[in-house]
Amino acid sequence: MIIIQEIKKANWFSSKEGIESLKEHTTPKAYLLEERLNQEFKNKNFGGRDVSFDIFLNVYHKDAVIPQVYFSNFVNTIEAQPLKYVGPSEMLTGVLSTLAKTYYLDDDGEPVEKKSALTPEDLVSFENNPVLKFVKAFTCFQIEDDDEGSWTDKFALYSDVLIFLGLCSFGDKNVLNENAWLLDKTTYFNNLGTVKKEKGFIKYCIEKCTYPDYWKSKLDELDEK
């Protein structure tokens, strides 16, 4: 078993050893353990201190072989402006972890395999994983408060795309190639030259996307709030 206890370089994750570690960190037992540790984390009293799940794991369960550990370490090696912030970094970690989950539990609590379009090698590939390809290629805006818009508005659009690509990539590894407009700056800006509000962005996605029903559902969720 390969436990990640030290800082790894980016190319380690796509190595033979890194792929073996990925498989060990994404077994059904690993996901179930992560659920249990997450619940423990939520119930833990940290005396009013702001403690992240990663810090909790490092202090109380540093040898835990779970998806969070693998993908958090992997994301930390990616050089992309949005990932210098905790929100986008945690969002990407969660999306990759969900994308790597190739089973579900049936009514009897037994794991049933789901077939993914992405192999373990694809999952950590910046060419073959649409989510990672997007993260590496995205230069439409910096996630920060500036004349183009607020951090909040920018993060909303960025995370919407990460989640969309994560969900679709499981069955369609060409989803970003089919929707290359997601890397076009004009997708994210209104006629004033500032970043769109989330509702306007989603309406644009409905018109452009090869999966319009996904964005229609997203719009319905916003309207219900």
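Parameters and conventions
- Residues numbered from 1 in each chain as written.
- Predicted model: local features only at pLDDT ≥ 70, side-chain atom pairs only at ≥ 80, totals over all residues.
- Heavy atoms only, no water.
- Helix = DSSP H or I, 4+ residues; strand = E, 2+ residues; numbered from the N terminus.
- Rg over C-alpha atoms; globule rule 2.2 N^0.38 Å.
- Buried < 20%, exposed > 50% of the residue type's maximum accessible area, 1.4 Å probe, protein only.
- Contact = heavy atoms within 4.5 Å.
- Areas by Shrake-Rupley, 256 points an atom, 1.4 Å probe, with all protein chains shown as cover.
- Lys, Arg positive; Asp, Glu negative; His and termini not counted.
- Charge placed at Lys NZ, Arg CZ, Asp CG, Glu CD.
- Salt bridge = Lys/Arg side-chain N within 4 Å of Asp/Glu carboxyl O.

### Quick word on the overall build of the chain
Each helix and strand counted, the chain has 11 helices and 2 strands in total. The C-alpha atoms of the chain give a radius of gyration of 18 Å, which matches the 17 Å a tight globule of 225 residues would have. Taken along the three principal axes of its C-alpha coordinates, the chain extends 55 × 40 × 40 Å. Looking at the 225 residues of the chain, the share that counts as buried comes to 45%. Taking the intrachain contacts of the chain between residues at least 6 apart in sequence as the baseline, contacts between residues at least 24 apart amount to 60%. In the structure as shown, the chain presents an accessible area of about 12,400 Å², 48% of it carried by carbon and sulfur atoms. Between the mean site of the 27 positive side-chain charges and the mean site of the 37 negative ones, the chain shows a separation of 2 Å.

### Brief notes about the pattern of salt bridges
In this structure the tally under the stated criterion is 7 salt bridges. Between Lys199 and Asp223 there is a salt bridge, and its shortest N-O distance comes to 2.9 Å. Separated by 24 residues along the polypeptide, Lys199 in helix α10 (residues 198–208) and Asp223 in helix α11 (residues 212–224) bring together distant segments of the chain. Overall, Asp223 belongs to the partly exposed group, its relative accessible area being 45%.

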